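Chain by chain, the residues:
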Amino acid sequence: MSDDGLPDALAQIRADFHELEIRDRLQLLLEFANELPELPARYTEHPDLLERVEECQSPVFIFVEVDDDEIVHLFATAPKEAPTTRGFASILVQGLAGLTVQQVLEIPDDFPQDLGLTEAVSPLRVRGMTAMLGRAKRQIREKTAA
Amino acid sequence: MTVATDPDARFAEYAHPERLVSTDWLAANLGTPGLVVVESDEDVLLYETGHIEGAVKIDWHTDLNDPVERDYVDGEGFARLLGSKGITRDTTVVIYGDKNNWWAAYALWVFTLFGHEDVRLLDGGRAKWEAEGRPYTTDKESAPTVDYPVVERDDAPIRAYKDDVLAHLGNPLIDVRSPEEYTGERTTAPAYPEEGALRAGHIPSAQNVPWAKAVAEDFGFKSLAELNVIYRDGAGLKDGDSVIAYCRIGERSSHTWFALTHLLGFEGVRNYDGSWTEWGSAVRVPIVKGREPGEVGAR
């Protein structure tokens, strides 16, 4: 865990972006976009289970699973014509992998603004990622509500 | 004009056919001296996933907007930007992009604020280029740095501010947003982020003509006859009208500004780029809700 309480994977992603020049940060975001995993079959066959993130400019759908060990699994899909949105989703999928419910809920809501991308892609676009994180947390709260 | 215009017969009927080029024309003219192809997209990363060979990228957020004030870059900023993209004042610029050239038209409108003479749209944009199976490259952007003069923006002819719109009331207004935004059900385009307008509805008397109505099934612009049905018969525009188009931040209405100005030949069309994010938050400006345009002076 980093000094400010960010889980290691997310802290590493943030550090990776900050090490780069603004222009190269876009390339890293593109790499994330290309790494967004395909949805598992249970969701490709049931798109109704996915929640659309209305705040994103391009259609992006997310779904959160919480397993018996309280580990969060985030799934997301966005079209290839929306690489920025795919990149945002991919950062969260990779950064949240293996985290517990509590760890995800403790991620600062404004984490996306700290990635060093506001200058490269604009603050307005980064809002889409903030919304994605917010919706993921809300789904977790709903699924774990007693 | 540095580079000859596209003689495509489909464009001949438009008021300013020299403002469009076809995908065939562009494919045949790539690499022509004096021509620079510019990609301008909603998605800031789309260019990097693949673009037309030799094209440079200009992003509406990070390149054309002033980073501090809600305004465009100034003459020096524009000169620096274009010079870095290999564009001189005499260059023929062809702009294309995603979403039916939505953002490409916006970039073209900004180029026009600076009086860049020869700037054209690729009819159909990325979608048509792709549908025809034409190639993209992921080569990194490469352009010689050249000198572009510092030209001060001349906003008045094609850019309307809020006070201009208030003074304009009684003349035609075209609201190019979605019906949901026009009626006041919502302040943002369906599936688009909230951009902070406090009130919903439309400017009194504005006709609702969603911008994409100007786009045909092949992603290019509709024919002159079809456009006349939409804008003259439908929205009631007449020759000699002074028209202001608006949307939410002035980008979709740039597309309509292009259609009205360069295809239908209306003169003095202005784009209100403050649009709904300004009007819907301004104090004591008139707003109408519902499907009817409403009347000026009535609430």
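Because the structure is a prediction, the values reported are computed rather than measured.

Asks: Any chance you could explain the overall build of chain A here in plain terms?
Replies: Each helix and strand in chain A was counted, giving seven helices and three strands. Reading the helices (α) and strands (β) of chain A from amino to carboxyl end gives α-α-α-β-β-β-α-α-α-α. In summary, chain A has a C-alpha radius of gyration of 14 Å against a globular reference of 15 Å for 146 residues, a match within 12%. With the C-alpha coordinates aligned to their principal axes, the bounding extent of chain A is approximately 45 × 35 × 20 Å. Each of the 146 residues in chain A was classed as buried or not, and the buried ones make up 50%. Residue pairs in contact within chain A that sit at least 24 positions apart in sequence constitute 63% of those at least 6 positions apart.

Asks: What exactly am I supposed to notice about the sheet that holds strand E5 (residues 119–122) of chain B here?
Replies: All names here are of chain B. Ordered by their spatial adjacency, five strands build an open sheet running E1-E5-E4-E2-E3, and the pairing between neighbours is parallel. Each of the sheet's edge strands pairs with one partner strand only, and the pair in question is strand E1 (20–21) and strand E3 (56–57). As judged from the two bridges shared by E1 and E5, these two strands associate in the parallel manner. Paired with Leu20 across the two strands is Leu121, which belongs to E5. Relative to E5, helix H5 (residues 102–113) is tilted by about 175°, and along the sheet it contacts strand E4 (92–96) and E5.

Asks: Quick question: what am I supposed to make of the pattern of salt bridges here?
Replies: A side chain with one charge may pair with a side chain of the opposite charge, provided their charged atoms come close. Applying the stated rule across the entire model yields 25 salt bridges over all chains. Its salt-bridge partner being A:Glu65, residue A:Arg42 comes within 2.8 Å of it at the nearest N-O pair. Of the two residues, A:Arg42 is situated in helix H3 (residues 41–44) and A:Glu65 in strand E2 (residues 61–66); the sequence distance between them amounts to 23 residues. Beyond isolated ion pairs, a larger network of salt bridges with shared partners links B:Asp71, B:Arg153, B:Asp155, B:Arg159 and B:Asp273.

Asks: Before we go on, may I ask you to explain the sheet that holds strand E9 (residues 244–246) of chain B in this structure?
Replies: By definition, the strands of a sheet pair up through backbone hydrogen bonds, in either a parallel or an antiparallel sense. Residues and elements named next belong to chain B. Reading across the sheet, the five strands line up as E6-E10-E9-E7-E8 and stay open at both edges, with parallel pairing between neighbours. Across the chains shown, the open sheet's two edge strands, defined by having one partner strand only, are strand E6 (159–160) and strand E8 (207–208). Taken together, the three bridges between E9 and strand E10 (residues 270–272) define a ladder with parallel strand orientation. Directly across from Ala245, in E10, lies its bridge partner Asn271.

Asks: I tried to follow the confidence of the model for chain B on my own but got confused; where do I start?
Replies: Within chain B, residue pLDDT values average 94, and 96% of them lie at 70 or more. Across the interfaces of the predicted complex, the ipTM metric reaches 0.82, alongside a pTM of 0.91.

Asks: Looking at this model, I keep getting lost on the packing of H5(B) against helix H10 (residues 252–263) of chain B. Mind explaining?
Replies: A pair of packed helices is characterised by two quantities: the angle between their axes and the separation of those axes. Residue and element names in this part refer to chain B. Contact geometry of H5 with H10 gives a least axis separation of 7 Å together with a crossing angle of 70°. As far as their axial angle goes, H10 and H5 are roughly perpendicular. Here the hand of the crossing between H5 and H10 comes out left-handed. Contacts between H5 and H10 involve Trp102, Ala105, Tyr106, Leu108, Trp109 and Thr112 on the former and, on the latter, Arg252, Ser254, His255, Trp257 and Phe258. For the contact of H5 with H10, the class distribution of residues is seven nonpolar, three polar and one charged.

Asks: What exactly am I supposed to notice about the environment of B:Glu69 here?
Replies: Structurally, the position occupied by B:Glu69 is in the loop between helix H3 (60–64) and helix H4 (75–84). Spatially, the C-alpha atom of B:Glu69 lies 35 Å from that of B:Glu292, the residues being 223 residues apart in sequence.

Asks: Honestly, the packing of aromatic side chains in this entry has me stumped. Any pointers?
Replies: A ring pair, where both rings are aromatic, is described by two values, the distance of the centres and the angle of the planes. All names here are of chain B. Tallied over the entire structure, the rule returns 15 aromatic pairs over all chains. An angle of 85° between the planes, with centres 6.1 Å apart, marks the rings of Trp60 and Tyr106 as edge-to-face. One end of the pair, Trp60, is in helix H3; the other, Tyr106, is in helix H5, with 46 residues separating them in the sequence. Tyr106 carries the same exposure label as Trp60, and that label is buried.

Asks: What is the right way to look at the pairing of E4(B) in this model?
Replies: Within a regular strand, the side chains alternate between the two sheet faces. Residue and element names in this part refer to chain B. Taking burial as the measure, the five residues of E4 include five buried ones, the bulk of the element. Note: strand E2 (residues 35–39) against E4, five bridges, orientation parallel. Bridged to Leu35 within E4 is Thr92. In this sheet, E5 lies alongside E4 in parallel orientation, the contact comprising three bridges. By the bridge assignment, Val93 is partnered in E5 with Val119. Handedness of the E4-H5-E5 crossover: right-handed.

Conventions adopted
- Note that residues are indexed from 1 along each chain, following the sequence as it is written.
- Here every chain gets a letter starting at A, and every ligand a number starting at 1, in the order they are written.
- Per-residue local features are limited, in this predicted model, to residues with pLDDT of at least 70; the limit for side-chain atom pairs, both in listing and counting, is 80 or more; totals at the level of whole chains, interfaces and linings are taken over all residues.
- The side-chain quantities take in all heavy atoms of the structure and omit both hydrogens and water.
- Elements are defined by DSSP. Helices are runs of H or I of four residues or more, strands are runs of E of two residues or more, and each kind is numbered from the N terminus.
- The quantity called the radius of gyration is restricted to C-alpha atoms. Its globule counterpart is 2.2 Å times the number of residues to the power 0.38.
- Buried, partly exposed and exposed residues are distinguished by accessible area as a fraction of the type maximum, computed with a 1.4 Å probe on protein chains only: under 20%, between the cut-offs, and over 50%, respectively.
- Residue contacts are defined here by distance: any two heavy atoms, one from each residue, within 4.5 Å place the two residues in contact.
- The rule for pairing is simple: two strands pair if DSSP sees at least two bridges between them.
- Axis angles are defined between N-to-C directions and span 0 to 180 degrees, where every axis is a line fitted to C-alpha atoms and, for a helix, only to the segment in contact.
- Whenever Lys or Arg places a side-chain nitrogen within 4 Å of a carboxyl oxygen from Asp or Glu, that contact is recorded as a salt bridge.
- What pLDDT conveys is the predictor's confidence in a given residue, as a value from 0 to 100.
- Orientation labels follow simple angle bins: below 35 degrees gives roughly parallel, above 145 gives roughly antiparallel, 65 to 115 gives roughly perpendicular, and whatever is left gives oblique.
- With the far helix as reference, a near helix turned anticlockwise by less than a right angle produces a left-handed crossing, and one turned clockwise produces a right-handed crossing.
- Side-chain classes are defined by residue name, with Ala, Val, Leu, Ile, Met, Phe, Trp, Tyr, Cys and Pro counting as nonpolar, Asp, Glu, Lys and Arg as charged, and the others, Gly among them, as polar.
- What counts as a ring pair is set by centres within 6.5 Å for rings of Phe, Tyr and Trp (its six-membered ring), and what kind of pair is set by the plane angle: stacked under 30 degrees, edge-to-face over 60, tilted for all other angles.
- Seen with its strands pointing away from the viewer, a crossover is right-handed if its path from the first strand over the helix to the second goes clockwise.

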